Amino acid sequence: STLAELLCRTYDVNKGELLINEENIKNINLNKYRDLLSYTPQDVFLFSDAIENNILFGNLEADKNKVEHYSKIACVHDDIMHFPKQYSTIIGERGVMLSGGQKQRISIARCLIKDPELIILDDCLSAVDANTERQILDNLEDAFEQKTVVFITHRIFAVMSFDKIIVLDDGQIVEQGTHQTLMDLKGDYYDLYQTQLQENEVKN
């Protein structure tokens with residue numbers, strides 16, 4: 001989460017430097033930089049407004065077709081269509097009438113409709129079941145092949161297909177590489193994989 005906040009320039013590093021395309025992030029025009037990225041935090045915030053307007057907050061110039069398109073990528077379109085007023089449904093303060101998973105997926109649709117170059121998703125699928133999480137990630141992979149996605153999670157099975165996996169421990173990078181590379185190391189990533197595999201087997 002600290003890394004996500006730094007990437008969004010909510011605050012800056014105290015020492016060292018953060019580079020974006022080999023340029024110090026502090027030297028990049030902040031407004032232009034933020035136009036290029038979308039961020040979905042752990043703590044999702046939704047307005048007491050219609051679902052459609054909550055999604056459009058990410059891109060006020062988008063039309064309803066795009067709202068539905070990105071809702072489908074976020075795997076929330078079918079849920080919305082089951083509401084009596086569908087996309088016109090007023091969701092209450094902070095989305096009180098929605099489940100945790102629905103709020104997270106609407107927030108992801110809002111993030112994606114901006115069509116950014118950099119997408120930062122900070123543990124924003126914690127309330128979503130594993131199958132839906134996998135479907136969303138598959139959709140992201142298909143729709144944003146030329147974009148950069150930073151996906152922060154504790155669930156290893158969500159990141160196995162990513163180009164690069166970075167393992168952090170107490171704020172330090174301890175391992176990095178592809179899933180297979182990290183499995184071959186038989187280090188922290190391998191141990192976490194085995195633990196989560198056993199937990200899944202117990203649940204099933």
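Residues numbered from 1 in each chain as written. Predicted model: local features only at pLDDT ≥ 70, side-chain atom pairs only at ≥ 80, totals over all residues. Heavy atoms only, no water.

Caption draft 1: View of the nonpolar core. In terms of nonpolar packing, the biggest core is built from 41 residues, with Ile51, Ile55, Leu112 and Tyr189 touching the most fellow members. For this core, the secondary-structure elements that each account for two or more residues are helix 3 (51–56), helix 4 (64–73), helix 6 (100–112), strand 4 (118–122), helix 7 (130–143), strand 6 (165–169), helix 8 (179–185) and helix 9 (188–203). For this core, the element with the most residues is helix 6, which contributes five residues. In contact with Tyr189, other than residues within four places in its own chain, are Ile156, Val159, Met160, Ile165, Val167, Glu175, His179, Leu182 and Met183. In terms of nonpolar packing, the next biggest core, distinct from the first, is built from 12 residues, Ala4, Leu18, Ile25 and Ile28 among them. (Core = buried A, V, L, I, M, F, W, Y, C linked by side-chain atoms within 4.5 Å. Buried < 20%, exposed > 50% of the residue type's maximum accessible area, 1.4 Å probe, protein only. Helix = DSSP H or I, 4+ residues; strand = E, 2+ residues; numbered from the N terminus. Contact = heavy atoms within 4.5 Å.)

Caption draft 2: Main features of a nonpolar patch on the surface. A cluster of nonpolar side chains, contributed by Leu3, Ile166, Leu168 and Ile173, occupies part of the molecular surface with about 370 Å² of accessible area. Within the fold, Ile173 resides in strand 7 (residues 172–177). (Patch = residues over 30% accessible without salt bridge, like charges linked within 9 Å, V, L, I, M, F, W, Y side chains within 5 Å. Areas by Shrake-Rupley, 256 points an atom, 1.4 Å probe, with all protein chains shown as cover. Salt bridge = Lys/Arg side-chain N within 4 Å of Asp/Glu carboxyl O.)

Caption draft 3: The arrangement of the pattern of salt bridges in detail. Under the criterion given, the structure shown has five salt bridges. When the shortest N-O distance is used, the salt bridge between Arg9 and Asp12 registers 2.8 Å. Under the relative-accessibility criterion, Arg9 is labelled buried at 19%. The partly exposed category is assigned to Asp12, whose relative accessible area is 30%. Lys147 is the partner of Asp115 in a salt bridge, and the nearest nitrogen-oxygen pair spans 3.2 Å. Linking Asp115 in the loop between helix 6 and strand 4 with Lys147 in the loop between helix 7 and strand 5 (148–152), this pair joins segments that are 32 residues apart in sequence.

Caption draft 4: Fine view of helix 7. Relative to the 20 Å expected for 14 residues at 1.5 Å per residue, helix 7 spans 20 Å between its end C-alpha atoms, a close match to the ideal helical length. For helix 7, the complete set of buried residues consists of Thr132, Glu133, Ile136, Leu137, Asn139 and Leu140. An end-on view of helix 7 places all buried positions within 155° of arc, on one side of the element. Set apart from the buried face of helix 7 by more than 90 degrees, the exposed residues are Ala130, Asn131 and Asp142. Elements in contact with the buried residues of helix 7: helix 4, helix 6, strand 4 and strand 5. Two or three places before Asn131, at the opening of helix 7, Asp129 has a side-chain oxygen 3.0 Å from that residue's backbone nitrogen. (Expected span 1.5 Å × (residues − 1). Arc of directions from axis to C-beta. Polar contact = N/O pair within 3.5 Å; in protein donor to acceptor, adjacent residues only side chain to side chain.)

Caption draft 5: Quick peek at the sheet that holds strand 4. Here we have three strands laid out as an open sheet, ordered 3-4-5, and parallel in their pairing. Here the strands that pair on one side only, and so sit at the sheet edges, are strand 3 (37–40) and strand 5. Here the strands of the sheet are splayed against their neighbours by 10° on average, with no regard to which way each runs. Bridge count between strand 4 and strand 5: five bridges; the pairing is parallel. In the strand pairing of strand 5, Leu121 is matched with Phe151. Lying on the sheet, helix 6 is in contact with strand 3 and strand 4; it crosses strand 3 at an angle near 175°. (Pairing = 2+ DSSP bridges. Axes fitted to C-alpha atoms, helices over the stretch in contact; angles between N-to-C directions.)

Caption draft 6: Seen up close, a negative patch on the surface. Taken together, the side chains of Glu141, Asp142, Glu145 and Asp163 make up a negatively charged region of the molecular surface. Mapped onto the fold, Asp142 is located in helix 7. Exposure remark for Asp142: the relative accessible area of 63% places this residue in the exposed category. (Lys, Arg positive; Asp, Glu negative; His and termini not counted. Charge placed at Lys NZ, Arg CZ, Asp CG, Glu CD.)

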